[in-house]
Amino acid sequence: DAEITQSPRHKITETGRQVTLACHQTWNHNNMFWYRQDLGHGLRLIHYSYGVQDTNKGEVSDGYSVSRSNTEDLPLTLESAASSQTSVYFCASSRLAGYTQYFGPGTRLTVL
Amino acid sequence: QKEVEQNSGPLSVPEGAIASLNCTYSDRGSQSFFWYRQYSGKSPELIMFIYSNGDKEDGRFTAQLNKASQYVSLLIRDSQPSDSATYLCAVNWDSGGSNYKLTFGKGTLLTVNP
């Protein structure tokens, strides 16, 4: 069955370290998204991609970057982790932009 | 950034009752509307979507869309304790050049009491 996976599921890191969160989907979807979810803020879009070599900033992109070298993967990198980046991160993909998105299981990141 | 508003709740209903969840949105050009359910500690999962004005039924769930009022709702009939979760409304919008994105509401926490 097609699916979307994220790794690691839990991560504890220190302020200033670089962290990469992986997202892999086997739906063969062109569109992939990264969100963070915090109490009181809901899901907020960090970065998104409509295809290989395409990346775009979302509403909360500062301190994050992504790259898309193939259809299946969209890794999210925190260049220099900050305590404000402690959150739950969800990756999602969709066949059509602006239509049904399917979410991965999430990564809980703690920055100490 | 477009706005999607939901009552944060918690909305508490007795088992067997109808739960009504509401969502308003700001972009008149939005075409597609989605309801997701999110259990505590889990990822959002799609319940249903609706594109046209009116009602769409799927089992115990009914989505209602009124584009003129920019309002979408989700009714859950015969509510069960297993329906206790946060319900997220999502609305699509054109960010330019037919690049559609989804904006999510903050969600409504539903508690179904046995």
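Scroll up to find the structure this text is about.
Remember, it's a predicted structure, so these values are computed and weren't measured experimentally.

Colleague: Would you mind showing me how to read the overall build of chain A here?
Modeller: Along the backbone of chain A there are zero helices and eleven strands. Taking the principal axes of its C-alpha atoms as reference, chain A extends roughly 35 × 25 × 25 Å. In chain A, 53% of the contacts between residues at least 6 apart in sequence involve partners at least 24 apart. Carbon and sulfur atoms make up 46% of the accessible area of chain A, which totals about 5,300 Å². Treating the 9 positive side-chain charges of chain A as one cloud and the 10 negative ones as another, the clouds have centres 4 Å apart.

Colleague: Even after reading the chapter, I still don't get the side chain of Thr108 of chain B, so can you show me in this structure?
Modeller: All names here are of chain B. With respect to the helices and strands, Thr108 occurs in strand S11 (residues 108–113). Exposure remark for Thr108: the relative accessible area of 5% places this residue in the buried category. Reaching out from Thr108, the side chain makes a polar contact with the backbone oxygen of Asn7 at a distance of 2.3 Å.

Colleague: It is not clear to me how the interface of chain A and chain B should be interpreted in this structure. Could you clarify?
Modeller: Frequently, the measure chosen for interface size is the accessible area removed from exposure when the parts meet. Taken together, the contact pairs 19 residues of chain A with 21 residues of chain B. Approximately 1,600 Å² of surface area, both sides summed, lies buried where chain A meets chain B, with 55% of it carried by carbon and sulfur atoms. Joining chain A to chain B, the criterion identifies zero salt bridges. At the junction of chain A with chain B, the criterion picks out eight residue pairs in polar contact (both at pLDDT 80 or more). Residues belonging to the side of chain A that touches chain B are distributed by class as follows: ten nonpolar, eight polar and one charged.

Colleague: Mind showing me how you'd approach the pairing of strand S4 (residues 31–38) of chain A here?
Modeller: Each regular strand displays side chains that alternate between the two surfaces of the sheet. All names here are of chain A. With eight of eight residues buried, S4 is to be regarded as a mostly interior element. Relative to strand S5 (residues 42–51), S4 is paired through seven bridges, and the arrangement is antiparallel. Bridge pairing links Gln37 to Leu43 in S5. Between S4 and S5, which pair antiparallel in sequence order, lie three residues; one of them, Gly40, sits at a positive phi of approximately 85 degrees.

Colleague: For this particular structure, what's the right way to read the nonpolar core?
Modeller: One broad rule of soluble globular proteins: the nonpolar side chains tend to lie buried together. By size, the foremost hydrophobic cluster in this structure holds 23 residues, and its most contacted members are Trp35, Val72, Leu74, Ile76 and Tyr87 of chain B. Of all elements in the fold, only strand S3 (19–25), strand S4 (33–38), strand S5 (45–50), strand S7 (61–66), strand S8 (71–76), strand S9 (85–94) and S11 of chain B reach the threshold of two or more residues within this core. Ile4, Leu74, Leu78 and Tyr89 of chain A belong to the second largest nonpolar core, which has 18 residues in total.

Colleague: What is the right way to look at the sheet that holds strand S3 (residues 19–25) of chain A in this model?
Modeller: Either a parallel or an antiparallel arrangement is found when strands of a sheet pair, and the pairing is made through backbone hydrogen bonds. All names here are of chain A. On the basis of which strands lie adjacent, the open sheet formed by four strands has the order S1-S3-S8-S7 and antiparallel pairing. A strand with exactly one partner marks an edge of an open sheet, and here the two such strands are strand S1 (4–7) and strand S7 (64–66). Neighbour-to-neighbour, the strand axes of this sheet turn through a mean angle of 20 degrees, independent of strand direction. Summarising the sheet, S7 and strand S8 (residues 76–78) pair through three bridges and their orientation is antiparallel. Note that in S8 the partner of Ser65 across the bridge is Thr77.

What counts as what
- Residues numbered from 1 in each chain as written.
- Chains lettered and ligands numbered in written order.
- Predicted model: local features only at pLDDT ≥ 70, side-chain atom pairs only at ≥ 80, totals over all residues.
- Heavy atoms only, no water.
- Helix = DSSP H or I, 4+ residues; strand = E, 2+ residues; numbered from the N terminus.
- Contact = heavy atoms within 4.5 Å.
- Areas by Shrake-Rupley, 256 points an atom, 1.4 Å probe, with all protein chains shown as cover.
- Lys, Arg positive; Asp, Glu negative; His and termini not counted.
- Charge placed at Lys NZ, Arg CZ, Asp CG, Glu CD.
- Buried < 20%, exposed > 50% of the residue type's maximum accessible area, 1.4 Å probe, protein only.
- Polar contact = N/O pair within 3.5 Å; in protein donor to acceptor, adjacent residues only side chain to side chain.
- Buried area = accessible area lost by both parts, 1.4 Å probe.
- Salt bridge = Lys/Arg side-chain N within 4 Å of Asp/Glu carboxyl O.
- Nonpolar A, V, L, I, M, F, W, Y, C, P; charged D, E, K, R; others polar.
- Pairing = 2+ DSSP bridges.
- Core = buried A, V, L, I, M, F, W, Y, C linked by side-chain atoms within 4.5 Å.
- Axes fitted to C-alpha atoms, helices over the stretch in contact; angles between N-to-C directions.

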